[in-house]
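Survey of secondary and tertiary structure
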Amino acid sequence: MKEATVQHDHGAIATRSATVVATGVGKVFGSGANKVQALDDVSFEVPQGSFVSILGPSGCGKSTLLRLIAGLQPISSGEIQVNDHTPDEMRKAREFGIVFQQPILFDWRTVEQNVALPLQLIGTPKEERKRRVSENIELVGLSDFRKHRPWQLSGGMQQRVAIARALAFGPRFLMMDEPFGALDMMTRERMQTELLRIWASRPGTTIVFITHSISEAVLLSDRIVVMSARPGRVMRVIDVDIERPRTDEARKDERFLEIEAEIRDLIFSQEHA
Amino acid sequence: MTEPGYNRTREALITAAIVVGVLALWYLAAGILAAGDDPLANSKLPYPHVIVERFFDDFSEVTSAAWTSLSTALIGFAIGTAVGIVLSVIMVQAAWIESAVMPYLLAAQMVPMIALVPISQTVFKNDTATRLFIAAFITFFSVTVAVVRGLKAAPPPARELMRSYNAGRLRTLRYLDLPAAMPMLFSGLRVAAPLSLVGSVLVDLMGGSQGLGYLMLAAQTFGPAQATLVWVAMFVLLALGFLLAQAVVMAEKVLAPWQPAMRQGGGH
Ligand SMILES: Nc1ncnc2c1ncn2[C@@H]1O[C@H](COP(=O)(O)OP(=O)(O)OP(=O)(O)O)[C@@H](O)[C@H]1O
Ligand SMILES: [Mg+2]
């Protein structure tokens, strides 16, 4: 397992080296009359160890973009490089911990066993596996539910299991597709600060986070890639220069409100263009 | 939490009421028949207690016949299940394999057992082998058709998750597809278990010289006085079939307790 050694550098992210580089990425589904241009000429960079959000309306190709970066689907045009490798190579090297839009937990496994799944697949020794599983279940606050089955948990708890599972094998990249999308606002805000805490405990981990919530993106991210609706294009890449560690207080920060307003205007101008 | 217990009591009461009702009707019918002037009334529809008495009178004969039927059915059932699972796994590896094999499978299922038994008797020249084959054959179909469907039950996102861990075919099969196929496997097994018994008994009825089917046939040829034995054999067969089906249900509760249909206990 790669133990990250790079410390979080919460300074200016423009100075950090890029780890994910998307250049002119396009994705087309189907052909003929059913042809859908999901992504068109998408370019952006994710600096090493940073938190980058992809923000856009429903159906603009966010999940598709995540699948392309994670090497789960082939790219139609353009190029994505992750640490100078193709996404597929990185996937095969098990560099990505993915939290999908749905929790995707296995009903025949307990919480503990679900979190252990990637470790089993990798062949982590039993003792090490046990340690990592309980550590990560504790991290997402589900220690009391380790023996429960997924269907005995609430939606938010299920999503936390999925997060623990993604963290468990210590991937250098965390890809999260609207992980809090199904949660009520209170739980959602708690999970956001929780995620920042977890991330802070994993120095060197790069997070690509998908959301359609502007405030969520501003609170969490070092950089926000704002996308437009079909076909998904990059409208603007915004660096968020709000000091870390950020807590709920950051929501009232002047810069926070400014950036929020900037993105709102951007999306609004698009709708009326 | 009191609900399941309450339901179970009610179910037991209903079952008991049905048994009592059927017995009462039976006594009534047998009584009416005996009151008439048919000298064969007693062999056509004997009283239930006569059947029970007969069971104990011929206990060793009946149990040895039952053992022949049950043991061959069980072994055939096991073989059919194993072959069915293996074939299903092979079939889902590629769409072309499935589309090549499935039509034959469905066609073979149409072969009437009545025709298949004499053919396999000539092939095997051995009653036990024929019983095993027929029991396995019947099981095999239910299991294969169910498991092929079950192996495709895992949702695409789950498959994508496995891919993100770079899990190959074998691991995806072991960690995702086989567990996901368990409910379908058991639904196939529930159907197959009693049928495997019927398959074994069918061989007795068509020239075998042992088993519950043979007992029925032999009793009939020895005249009306032996008719009660036919009833005994039939009830033993019924009871064994019921027990087999129950055994499958119990195995399912142990091996796949996580299914939605089995969750009503809550807890873990
Ligand atoms: N496998 C597929 N086959 C065909 N079309 C697809 C496929 N996956 C996605 N699409 C299309 O690509 C477009 C983008 O889909 P995607 O799921 O990436 O959107 P999204 O931004 O994640 O939306 P949401 O916020 O609702 O999750 C949609 O128009 C969708 O119909
Ligand atoms: Mg999506």
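Right above here is the structure, for reference.
Below: a short report on this structure.

1. Details of the coordination of the magnesium ion (ligand 2)
Octahedral metals with six donors have ideal donor angles of 90 or 180 degrees. Tetrahedral metals with four donors have an ideal donor angle of 109.5 degrees. Within the protein, the magnesium ion (ligand 2) binds to Ser63 of chain A (OG) and Gln101 of chain A (OE1); these donor distances fall in the range 1.9 to 2.4 Å. Of this pair, serine 63 of chain A sits in helix α1 (residues 62-69) while glutamine 101 of chain A sits in the loop between β5 (96-99) and α3 (111-122); the two residues are 38 residues apart in sequence, bridging distant segments of the chain.

2. Looking at the sheet that holds strand β2 (residues 36-47) of chain A
All names here are of chain A. Reading across the sheet, the three strands line up as β2-β1-β4 and stay open at both edges, with antiparallel pairing between neighbours. This sheet does not close on itself; its edge strands, each paired only once, are β2 and β4 (77-82). Looking at each pair of strands side by side, their axes are set apart by 15° on average, direction ignored. Summarising the sheet, strand β1 (residues 18-29) and β4 pair through five bridges and their orientation is antiparallel.

3. As for the pattern of salt bridges
Residues and elements named next belong to chain A. Counted under the stated rule, the structure contains 27 salt bridges over all chains. For aspartate 248, the salt bridge goes to arginine 251, with nearest N and O atoms at 3.2 Å. The partly exposed category is assigned to aspartate 248, whose relative accessible area is 38%. Residue arginine 251 is classed as buried on the basis of its relative accessible area of 16%. Taken together, the shared-partner salt bridges connect Glu128, Arg131, Arg132 and Glu135 into one network.

4. Notes on the side chain of glutamate 216 of chain A
All names here are of chain A. As for its placement among the helices and strands, glutamate 216 is situated in helix α7 (residues 214-220). A distance of 2.7 Å separates a polar atom in the side chain of glutamate 216 from a polar atom in the side chain of glutamine 192. Polar contacts involving the side chain of glutamate 216 include one to the side chain of threonine 211, which spans 2.7 Å. Discounting chain neighbours no more than four positions away, the residues touching glutamate 216 are Phe180, Arg188, Gln192, Phe209 and Thr211.

5. Let's talk about the packing of helix α4 (residues 126-139) of chain A against helix α5 (residues 155-168) of chain A
Residue and element names in this part refer to chain A. It is the contact of α4 with α5, at a shortest axis distance of 9 Å, that shows an interaxial angle of 140°. With respect to α5, the axis of α4 lies oblique. The interaxial crossing formed by α4 with α5 has right-handed handedness. Every residue of α5 that contacts α4 at Arg132, Asn136, Ile137 and Leu139 is listed here: Ala164, Leu167 and Ala168. Of the residues belonging to the contact of α4 with α5, the class tally is five nonpolar, one polar and one charged.

6. Comments concerning the site of ligand 1
Residues and elements named next belong to chain A. In the neighbourhood of ligand 1, 13 residues make up the surrounding shell, with Ser58, Gly59, Lys62, Ser63 and Thr64 lying closest. Contacts to ligand 1 include serine 58, whose side-chain N or O atom sits 2.6 Å from an oxygen atom. One of the side-chain N or O atoms of glutamate 178 is found 3.0 Å from an oxygen atom in ligand 1. Elements with a contribution of two residues or more to the shell around ligand 1: β2 and α1. Considering every element that reaches the shell around ligand 1, the biggest residue donor is α1, with three residues. Of the residues that constitute the shell around ligand 1, the class distribution is four nonpolar, six polar and three charged.

7. Thoughts on a nonpolar patch on the surface
On the surface, Ile14, Ile18 and Val22 of chain B cluster together into a nonpolar patch covering about 280 Å² of accessible area. Mapped onto the elements, valine 22 of chain B comes out in helix α1 (residues 2-35).

8. Structural notes on the packing of helix α4 (residues 59-91) of chain B against helix α11 (residues 227-255) of chain B
Residues and elements named next belong to chain B. Remark: α4 packs on α11, axes separated minimally by 11 Å, with the N-to-C direction vectors making an angle of 35°. Regarding α4 and α11, the two cross each other, and that crossing is right-handed. Across the interface between the two elements, Val62, Ala66, Leu70, Leu74 and Phe77 from α4 touch Leu229, Val232, Val236, Leu240, Leu244 and Val248 from α11. Tallied by class, the residues present in the contact of α4 with α11 amount to eleven nonpolar, no polar and no charged.

9. As for the environment of cysteine 60 of chain A
Looking at the secondary structure, you find cysteine 60 of chain A in the loop between β3 (51-55) and α1. Separated by 172 residues in the primary sequence, cysteine 60 of chain A and glycine 232 of chain A have C-alpha atoms spaced 4.7 Å apart.

10. Section: the environment of glutamate 135 of chain A
Here glutamate 135 of chain A is to be found in helix α4. For the pair glutamate 135 of chain A and alanine 168 of chain A, spaced 33 residues apart in sequence, the C-alpha separation works out to 8.3 Å.

11. Focus on the interface of chain B and chain A
Facing the 20 residues of chain B at the interface are 26 residues of chain A. Taken over both partners, the interface formed by chain B and chain A buries close to 2400 Å², and the fraction arising from carbon and sulfur atoms is 61%. At the junction of chain B with chain A, the criterion picks out one salt bridge. A salt bridge links glutamate 160 of chain B to arginine 67 of chain A; the shortest N-O distance between them is 2.5 Å.

12. Digging into helix α8 (residues 156-164) of chain B
Residues of α8 of chain B that are buried include every one of Ala158, Glu160, Leu161, Met162 and Ser164 of chain B, and no others. In this structure, the buried residues of α8 of chain B make contact with α1, α2 (87-92), β5, α3 and α5 of chain A together with α9 (169-205) of chain B. At the C-terminal side of α8 of chain B, asparagine 166 of chain B shows a positive phi close to 55°.

Parameters and conventions
Residues numbered from 1 in each chain as written. Chains lettered and ligands numbered in written order. Predicted model: local features only at pLDDT ≥ 70, side-chain atom pairs only at ≥ 80, totals over all residues. Heavy atoms only, no water. Donors = N, O, S within 2.8 Å, 3.2 Å for Na, K, Ca; no water. Helix = DSSP H or I, 4+ residues; strand = E, 2+ residues; numbered from the N terminus. Pairing = 2+ DSSP bridges. Axes fitted to C-alpha atoms, helices over the stretch in contact; angles between N-to-C directions. Salt bridge = Lys/Arg side-chain N within 4 Å of Asp/Glu carboxyl O. Buried < 20%, exposed > 50% of the residue type's maximum accessible area, 1.4 Å probe, protein only. Polar contact = N/O pair within 3.5 Å; in protein donor to acceptor, adjacent residues only side chain to side chain. Contact = heavy atoms within 4.5 Å. Parallel < 35°, antiparallel > 145°, perpendicular 65-115°, else oblique. Left-handed = near helix turned anticlockwise from the far one by under 90°. Nonpolar A, V, L, I, M, F, W, Y, C, P; charged D, E, K, R; others polar. Near = heavy atom within 4 Å. Patch = residues over 30% accessible without salt bridge, like charges linked within 9 Å, V, L, I, M, F, W, Y side chains within 5 Å. Areas by Shrake-Rupley, 256 points an atom, 1.4 Å probe, with all protein chains shown as cover. Buried area = accessible area lost by both parts, 1.4 Å probe.

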